[in-house]
Amino acid sequence: MTKRNFHTHTSRCHHATGQDEDFVVEAIESGYKELGFSDHACWKYDTNFTPRIRMTLDEFSDYKNSILSLKEKYKKYIQIDLGMEAEYFPKYMDWMLDFCIEEDIDYLILGNHYYKSDEYGCYYGSAPKNRLQNYFDDCINGLETGMYAYLAHPELIMRAHDWDEEIEWGFHRICQKAKELDIPLEYNVLGLQNNMRTNQEAYPNHRFWQIASYYHNKAIIGMDAHQTKDLNPDLYELALYNLSKYDVEIVDKIEKIDYKKLRNK
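Residues numbered from 1 in each chain as written. Predicted model: local features only at pLDDT ≥ 70, side-chain atom pairs only at ≥ 80, totals over all residues. Heavy atoms only, no water.

Trainee: Describe the pairing of strand 4 (residues 107–110), and please don't skip the residues or the numbers.
Mentor: Neither face of strand 4 is exposed, since Tyr 107 and Ile 109 on one face and Leu 108 and Leu 110 on the opposite face are all buried. When strand 3 (residues 79–86) meets strand 4, the two strands line up parallel, connected through four bridges. Looking at the pairing, Gly 83 lines up with Tyr 107 of strand 4. Note on the crossover from strand 3 through helix 3 (residues 93–102) to strand 4: the handedness is right-handed. Relative to strand 5 (residues 148–151), strand 4 runs parallel, the two sharing two bridges. Following the sheet pairing, Leu 108 is matched in strand 5 by Tyr 148. Once the chain exits strand 4 it traverses helix 4 (residues 132–144) before rejoining the sheet at strand 5, and the crossover so formed is right-handed. (Buried < 20%, exposed > 50% of the residue type's maximum accessible area, 1.4 Å probe, protein only. Helix = DSSP H or I, 4+ residues; strand = E, 2+ residues; numbered from the N terminus. Pairing = 2+ DSSP bridges. Right-handed = clockwise from strand over helix to strand, strands pointing away.)

Right, dumping it as structure tokens:
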């Protein structure tokens, strides 16, 4: 298994720390062969809403220039990719597709954080019970767009709810759809750190991965790095060990998304 990570944030999302280059240096020293930056995606809103947990459109050019500069500077040592972690916001998906084409984005990962848009403030990590089906629907509808390389922290909803039949069925829907579309599911290491710190299991969740085993899903390790220490290779190895307990296909690569081809469809 080649050590790669495609889930890396920068300080532009306003809840991560460290310079972009620090992440690259840490990744090289920790034995990673590929590092994908995937900061929380900017969106062009219909309203005057100002996000506080993602980079703004005005910050994107600096993000892109920085990542591409580091890609060139360290090309002898590590492969660097330009990505973003984005939600499925139905009314903005055409804009996002055009943006990915114009800015030559390598990939998106689906981080299903908000219902409809963060403009409306319903965060799935603390959403009420009546939003459960919206969460599962958004995961599935997002995957069906073909715009995402994989689904990040698929069990995010477990931050707010205990396991029950409705959640179990929803996770069956996600795993079945991911299998049908041949899209990996992420074993999220930032969540693993939180589980260990709090001694509570939100995500990753062993019952979810039992369902993924039933469908023989593909699984990918995502460090979800918000600071350089989140790239700790011991954490990567722990995640790899934990995943090895399940009947899933562990992958270490993603397919770059051809957004022009999607637009032509």
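Trainee: Go over the side chain of Asn 242 with me, naming the residues and quoting the values.
Mentor: Mapped onto the secondary structure, Asn 242 falls in helix 8 (residues 233–243). Looking at Asn 242, its side chain comes within polar contact range of the side chain of Tyr 187, at 3.1 Å. Not counting residues within four places of it along the chain, the set of residues in contact with Asn 242 comprises Tyr 187 and Leu 192. (Polar contact = N/O pair within 3.5 Å; in protein donor to acceptor, adjacent residues only side chain to side chain. Contact = heavy atoms within 4.5 Å.)

Trainee: So what about the pattern of salt bridges? Which residues, and what values?
Mentor: According to the stated counting rule, one finds 19 salt bridges in the structure shown. Among the ionic pairs, Glu 103 bridges to Lys 64, the shortest N-O distance being 3.1 Å. Here the residue Glu 103 occupies a position in the loop between helix 3 and strand 4, and Lys 64 occupies one in helix 2 (residues 57–73), the gap between them amounting to 39 residues. The exposure class assigned to Glu 103 is partly exposed, which follows from its relative accessible area of 21%. Of the residues examined, Lys 64 reaches a relative accessible area of 18% and is grouped as buried. Close ionic contact of Lys 177 with Glu 144 constitutes a salt bridge, the shortest N to O distance being 2.8 Å. (Salt bridge = Lys/Arg side-chain N within 4 Å of Asp/Glu carboxyl O.)

Trainee: An account of the packing of aromatic side chains is needed here, citing residue identities and associated values.
Mentor: The final tally for this structure, using the stated rule, is 21 aromatic pairs. Centre to centre, the rings of Tyr 45 and Tyr 92 are 6.0 Å apart; their planes meet at 85°, and the pair counts as edge-to-face. On the criterion of sequence distance, the pair formed by Tyr 45 in the loop between strand 2 (34–40) and helix 2 and Tyr 92 in the loop between strand 3 and helix 3 is long-range, its members being 47 residues apart. Residue classification places Tyr 92 among the buried residues on the basis of a relative accessible area of 2%. Geometrically, the ring pair formed by Phe 208 and Trp 209 is edge-to-face, given 5.2 Å between the ring centres and 85° between the ring planes. For Phe 208, a relative accessible area of 0% puts it in the buried group. In this structure an aromatic cluster arises from ring pairing among Trp 43, Tyr 45, Phe 49, Phe 60, Tyr 63, Phe 89, Tyr 92, Trp 95 and Phe 99. Taking the ring centre of Tyr 32 as reference, the NZ or CZ of Lys 3 above it sits at 5.8 Å. (Phe/Tyr/Trp six-rings, centres within 6.5 Å; stacked < 30°, edge-to-face > 60°. Lys NZ or Arg CZ within 6 Å of the ring centre and 35° of its normal.)

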